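# Understanding the architecture of this molecule
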Amino acid sequence: MALLSGVLGLRHDPRLLRAPPYLSALCVLIGVAWLLLLPLDDYSRRTYVSENAILPGQVHTYYGGSEHNVFRAYRHEVFAMNELSEDERTQKLADMLAASGLKTCIQNYTYHVSGQAKSGRNVYAVLQGPRADATEAMVLIGAWRNMNGEVNYSGVSLVLSLARYFKRWSIWSKDIIIVIPSDSTYGPQAWVDAYHDTHDPSTVSALDIKAGALQAAVAIDYPAGPWGHRFDKLHIVYDGVNGQLPNLDLFNTAVNIANGQIGIGCTIQRMWDHDDKYPSRLQTMLRGMLSQALGHASGPHSSFMPYHIDAITLQTVGAGWHDEMSLGRVVESVFRSVNNLLEHLHQSFFFYLLMHEHRFVSIGTYLPSAMLIAVNFTITAILLWVKSGQPVRPDLKPASPIAEKQPEMTVIKEGGDIAVIATESLAVAERDMFLPLAALFTVHVLGLVPFYVFNQAPAKTSDGLTILSLACTVVAPVVIAAIFSRVLKLSAQNYLLMQCFSLLLLGAALSTLATLNFSQALFVGILAAPLSFVRSFSPPKSSPLVVRVLLAILAVAVMIATSPPAVLMIGSHLSRKHFVDLLEAAAWAWKVEKVWTAVTVWIVWWPAWVCGSVVLLSGMM
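Residues numbered from 1 in each chain as written. Predicted model: local features only at pLDDT ≥ 70, side-chain atom pairs only at ≥ 80, totals over all residues. Heavy atoms only, no water.

## Quick word on the overall build of the chain
Within the chain, the secondary structure is distributed over 22 helices and 13 strands. Dimensions of the chain along its principal axes, counting C-alpha atoms only, are 105 × 55 × 40 Å. Within the chain, buried positions represent 50% of all 621 residues. Long-range pairs, those at least 24 residues apart, make up 81% of the contacts in the chain between residues at least 6 apart in sequence. (Helix = DSSP H or I, 4+ residues; strand = E, 2+ residues; numbered from the N terminus. Buried < 20%, exposed > 50% of the residue type's maximum accessible area, 1.4 Å probe, protein only. Contact = heavy atoms within 4.5 Å.)

## Focus: the sheet that holds strand β1 (residues 45-46)
Read from one edge to the other, the open sheet built from three strands follows the order β1-β11-β10, with strand pairing classed as antiparallel. Each edge of the sheet is formed by a strand with only one pairing partner; in this case those strands are β1 and β10 (352-356). Two elements, β10 and strand β11 (residues 359-362), share four bridges in a ladder whose sense is antiparallel. Looking across to β11, one finds that Y352 is bridged to S362. Relative to β11, helix α11 (residues 363-388) is tilted by about 60 degrees, and along the sheet it contacts β10 and β11. (Pairing = 2+ DSSP bridges. Axes fitted to C-alpha atoms, helices over the stretch in contact; angles between N-to-C directions.)

## Points about the sheet that holds strand β6 (residues 213-221)
Read from one edge of the open sheet, eight strands run β2-β3-β5-β4-β6-β9-β7-β8, paired in mixed fashion. Looking at the sheet topology across the chains shown, the edges are occupied by β2 (103-113) and β8 (265-267). Averaged over all adjacent pairs, the angle separating strand axes in this sheet is 25 degrees, with direction ignored. Pairing geometry for β6 and strand β9 (residues 310-322), over six bridges, is parallel. In the strand pairing of β9, D221 is matched with Q315. In the packing of helix α5 (residues 86-99) onto the sheet, the strands contacted are β2, β3 (116-127) and β5 (175-180), and the crossing angle to β3 comes to about 10 degrees. Here helix α21 (residues 579-593) sits on the sheet in contact with β2 and β3, set at roughly 130 degrees to β2.

## Some words on the confidence of the model for the chain
With 91% of its residues at a pLDDT of at least 70, the chain reaches an overall mean of 88. Every residue in residues 394-406 is under pLDDT 50, and counting partners more than four places away or in other chains gives one contact. (pLDDT = per-residue confidence, 0-100.)

## Some details on helix α18 (residues 518-528)
Burial runs high along α18: eight of the eleven residues are buried. Residues of α18 that are buried include every one of F518, S519, Q520, A521, L522, V524, G525 and A528, and no others. Where the residues of α18 are buried, they touch α3 (19-37), α9 (278-294), β10, α11, α17 (492-514) and α22 (597-618).

## Remarks on the pairing of β3
Judged from the eleven bridges that link them, β2 and β3 form a sheet pairing that is antiparallel. The partner of Y109 across the bridge, within β3, is G120. In the sheet, β3 pairs with β5 via five bridges, with the strands oriented antiparallel. Looking at β5, one finds that V123 is bridged to I180.

## Some thoughts on the packing of aromatic side chains
The geometry of an aromatic ring pair is captured by the separation of the ring centres together with the interplanar angle, meaning the angle of the planes. Enumeration according to the criterion identifies 24 aromatic pairs in this entry. Ring geometry for F166 and W172: centres 5.0 Å apart, planes at 70 degrees, overall edge-to-face. In this pair, the class of F166 matches that of W172, namely buried. Both rings, one in F451 and one in W590, keep their centres 5.2 Å apart while their planes meet at 75 degrees; by these two values the pair is edge-to-face. Linking F451 in helix α15 (residues 448-456) with W590 in helix α21, this pair joins segments that are 139 residues apart in sequence. Looking at F451, the relative accessible area reads 13%, which means it is buried. On the basis of relative accessible area, W590 is assigned to the partly exposed category, the value being 24%. In textbook terms, an aromatic cluster arises when at least three aromatic residues are bridged by ring pairs, as seen for Y62, Y63, Y165, F166, W169, W172 and F335. Between K210 and the ring centre of Y195, over which it is positioned, the NZ or CZ distance is 5.9 Å. Lying over the aromatic face of W169, R336 brings its terminal NZ or CZ to 5.5 Å of the ring centre. (Phe/Tyr/Trp six-rings, centres within 6.5 Å; stacked < 30°, edge-to-face > 60°. Lys NZ or Arg CZ within 6 Å of the ring centre and 35° of its normal.)

## Re the pairing of β9
Pairing analysis gives six bridges linking strand β7 (residues 231-237) to β9, with the strands arranged antiparallel. Counted as the bridge partner of H235 is Q315 from β9.

## Describing the side chain of E593
Within the secondary structure layout, E593 lies in helix α21. For the buried E593, which has no salt bridge, the nearest side chain bearing the opposite charge is K118, at an N-O separation of 8.7 Å. A polar atom in the side chain of E593 sits 3.1 Å from the backbone nitrogen of A297. Those residues in contact with E593 that sit more than four places away from it in its chain are T185, Q189, V241, H296, A297 and W588. (Lys, Arg positive; Asp, Glu negative; His and termini not counted. Salt bridge = Lys/Arg side-chain N within 4 Å of Asp/Glu carboxyl O. Polar contact = N/O pair within 3.5 Å; in protein donor to acceptor, adjacent residues only side chain to side chain.)

## Overview of the side chain of S291
As for its position among the elements, S291 is in helix α9. Leaving out residues up to four positions away in the same chain, S291 has contacts with D239 and Q269.

## Observations regarding a nonpolar patch on the surface
Taken together, the side chains of V32, L36, L37, L40, Y43, Y278 and I526 define a hydrophobic patch exposed on the protein surface, amounting to about 510 Å² of accessible area. Among the elements that make up the nonpolar patch, the one with the highest residue count is α3 (three residues). Locating V32 in the fold gives a position in helix α3. (Patch = residues over 30% accessible without salt bridge, like charges linked within 9 Å, V, L, I, M, F, W, Y side chains within 5 Å. Areas by Shrake-Rupley, 256 points an atom, 1.4 Å probe, with all protein chains shown as cover.)

## Thoughts on the packing of helix α8 (residues 248-262) against helix α10 (residues 324-339)
Contact geometry for α8 and α10: axes closest at 10 Å, N-to-C directions at 135 degrees. Looking at the two axes, α8 sits oblique to α10. Relative to α10, α8 is oriented so that their crossing is right-handed. Packed against α8, whose contacting residues are L250, T253, A254, I257, A258, Q261 and I262, the element α10 presents S326, R329, V330, S333, V334, S337 and V338 at the interface. Its residues placed into classes, the contact of α8 with α10 shows eight nonpolar, five polar and one charged. (Parallel < 35°, antiparallel > 145°, perpendicular 65-115°, else oblique. Left-handed = near helix turned anticlockwise from the far one by under 90°. Nonpolar A, V, L, I, M, F, W, Y, C, P; charged D, E, K, R; others polar.)

What follows is the structure in structure tokens.
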């Protein structure tokens, strides 16, 4: 009973209620520190191939010799195709694949987003494996234009040469599909959607020929001109749509073959000079996390990830002594390794962070970082829930010192024990749940407005989009706060509960998102962390008016600077892209690639920020 009395007495102890903000800040700091520890040797480990059946680099590659002459002939023909129309070019590519003995077709697609249309034609062909039963297939991709908009001359030529070379072998136990899309984003997306019959027939045509279940895909990005260009390293691009990643065994297979068998150096995340020390590891990891958080396609391979098809892009970089024959042998060996598999890649990791081509961190090591940051919102929500239940007592002066020293007491009996507890320790104010929940629901519904407008507005209305983003940042919280305070007459308890439910929902959403897209959950959690410390603005009345005004301006400025539109504007400036172009790219990504980043921003993060801004402004209304 003494313990019960002590616990109940602590419920409204001001010292206990001062602890949660410090716990929230501690969770954020530990979460960030945890992330910074990952590049150390004690927290990361070397990569390894888990699936023994792959046997990377264990076969002798034969691509070379006379195939070099064939490749150069193809390269000159491909260079001449740049002067042809798209219809003539695709038809000629189809004829060249058909001449190698492959079944060939052409697919048309047209996407309409924001008043714009993007169309193209994909050439694809199927090489039926002599030992295959049409149940499994591998994909070799050579987009006409790469992600930088450059014509992929040598990449397309190498794909044509390898298709002719593969046709002469009788070792294939899987079909091989050759795909030459018009670009590196929309063409592969249209093709893989149609392959799985998830396409829109009004915009994307169906495929006339198919093979079995796709096991893996490899894209070649080699934009050298008609005279060729020797390269120094292979840049392996592995980021997929919505932060999805290929099975680590496929990445390790490509690295082992390029490094060990062919002697080509590899790099990732555009880190051309990686010394495998802490700064380089950290920078590589953060670059990979940023790409994963954005969720956009990073190469022709990205569109295959949502269908659980492991895929990578091999991109040549630098000036060195490696030529197209070296790259061709890498592709040949990778395909022969995948050809060894009797089942889909499953042994290795699907969730990981790479900080070097030979070093990674698994999900069990890095996940606590995002979870700690998400937990800080839950801790603050619990604090606000407790505060909302505290009874409101009028600020009256006691009639006498005796009345102040003798509060009303309550006696609790249990068995033979008796405990005397102050009645105010047991008092809990009745919580009005309807208005806070209705207000929170309304704010989340309002998040659909910028989400819809930014995804549907015509590209010509750039000024309107900029004005709308500013309105979402400045005007919306002020208008909502005025309605809540002047019209709905929300009480202090209502604001506490609204913020409580908002942070509770934000923490739950980020905890769930962390298991699907760790990087996106982590970055949003860090950017939204100030919301845990936002309270109704109420400076001491004894402070001078100038000080109170300056404090109010500072608080509002901090909230605006941490708003989603402001963060997007800062990101567009740092990436040297126009803000409207960023919104347009997001609209295309949502419509074509089904990227969910906009949902996280406008349906999860933005409503939580608006609720925090409304709570802050409630003290000024």
